[in-house]
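Summary of the model geometry
Next come the chains, spelled out residue by residue.
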Amino acid sequence: MSAAPSTIIACPACNGLNRVPDARLAEAPKCGKCGAALFTGHPLALDGAGFHAHVERADLPLLVDFWAPWCGPCRMMAPQFEAAARQLEPRLRLTKVDTEAQPALGSRFGIRSIPTLVLFRQGHELARQSGAMGTADIVRWTHQFL
């Protein structure tokens, strides 16, 4: 008898890794380490350590919005990205990386214009899109790669 398929998910609060059976992803799973909800329906702000845990160590696909606080199109897209998080979780996690506060991450991925969305799965970049997008466009764009 084989084990049920599961996904390793990094906790948005403590970055601890959690193995969650795929059949239970939609049941509001909590972190086994700190007890926080693994899905909040909101994009998660990432720093270097969080990026490592969520992109490189977890199985859950990750959509990253590389942005900056001074960027008008980034601010216009923020509520659209927030709405997309509510639609796309728990199939993937939406995160934000402030390229001003985390310049090493922006440099590492060659971010030349913002906002730029990058879709990752198991540490590998699947797709990239620059420019502000609406909620429906974010959801549609993401679905074509998952």
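These figures come from a predicted structure and were not determined experimentally.

Scoring rules and cut-offs
The residue numbers shown here count from 1 along each chain, following its written sequence. A pLDDT threshold of at least 70 governs which residues receive local features in this predicted model, and a stricter bar of 80 or more applies before side-chain atom pairs are shown or counted, although totals over entire chains, interfaces and linings include all residues. Water and hydrogen atoms were dropped before computing side-chain values, which therefore reflect all heavy atoms in the structure. Interaxial angle, 0 to 180 degrees, is taken between N-to-C directions of lines fitted to C-alpha atoms, where a helix line uses only the stretch in contact. Secondary structure elements are defined from DSSP: runs of H or I of at least 4 residues count as helices, runs of E of at least 2 residues count as strands, and each element is numbered from the N terminus. Put simply, angles under 35 degrees are roughly parallel, angles over 145 are roughly antiparallel, angles from 65 to 115 are roughly perpendicular, and the rest are oblique. Put simply, a crossing is left-handed when the front helix is turned counterclockwise from the back one by less than a right angle, and right-handed when it is turned clockwise. What makes two residues a contact is simply this: any of their non-hydrogen atoms within 4.5 Å. Here the nonpolar group is Ala, Val, Leu, Ile, Met, Phe, Trp, Tyr, Cys and Pro; Asp, Glu, Lys and Arg are the charged ones; every other residue, Gly included, is treated as polar. For two strands to be treated as a pair, DSSP must find no fewer than two bridges joining them. A simple rule labels every residue: compare its accessible area, found with a 1.4 Å probe on the protein chains alone, to the largest value its type can have, and call it buried under 20%, exposed over 50%, or partly exposed in between.

Okay, the packing of helix 2 (residues 72-88) against helix 4 (residues 135-143) next. Interaxial distance between helix 2 and helix 4 falls to 8 Å at its minimum, and their mutual angle equals 50°. One finds that helix 2 runs oblique with respect to helix 4. Crossing of helix 2 against helix 4: the hand is right-handed. Contacts between helix 2 and helix 4 involve Met77, Gln80, Phe81, Ala83, Ala84, Gln87 and Leu88 from the first element and Thr135, Ile138, Val139, Thr142 and His143 from the second. Its residues assigned to classes, the contact of helix 2 with helix 4 comprises 7 nonpolar, 5 polar and no charged.

Below, the discussion takes up the sheet that holds strand 5 (residues 93-98). Pairing is mixed across the open sheet formed by 5 strands, whose spatial order is 3-5-4-6-7. Sheet topology places strand 3 (44-45) and strand 7 (124-130) at the edges, where each strand pairs with a single neighbour. Here strand 4 (residues 62-67) runs beside strand 6 (residues 116-121); their pairing, made up of 5 bridges, is antiparallel. By the bridge assignment for strand 6, leucine 62 is matched with phenylalanine 120. Relative to strand 4, helix 1 (residues 48-57) is tilted by about 145°, and along the sheet it contacts strand 3, strand 4, strand 5 and strand 6. The sheet contacts of helix 4 involve strand 4, strand 6 and strand 7, and relative to strand 6 the element is tilted by about 35°.

Of the two faces of strand 2 (residues 17-21), only the one carrying Asn18 and Val20 is buried; Leu17, Arg19 and Pro21 on the other face are not. Two strands pair when backbone bridges link them, and strand 1 (residues 6-10) and strand 2 are joined in this way by 5 bridges, in the antiparallel orientation. Along strand 2, the bridge assignment pairs serine 6 with proline 21. Counted along the chain from strand 1 to the antiparallel partner strand 2, the turn is 6 residues long, and its residue asparagine 15 has a positive phi close to 65°.

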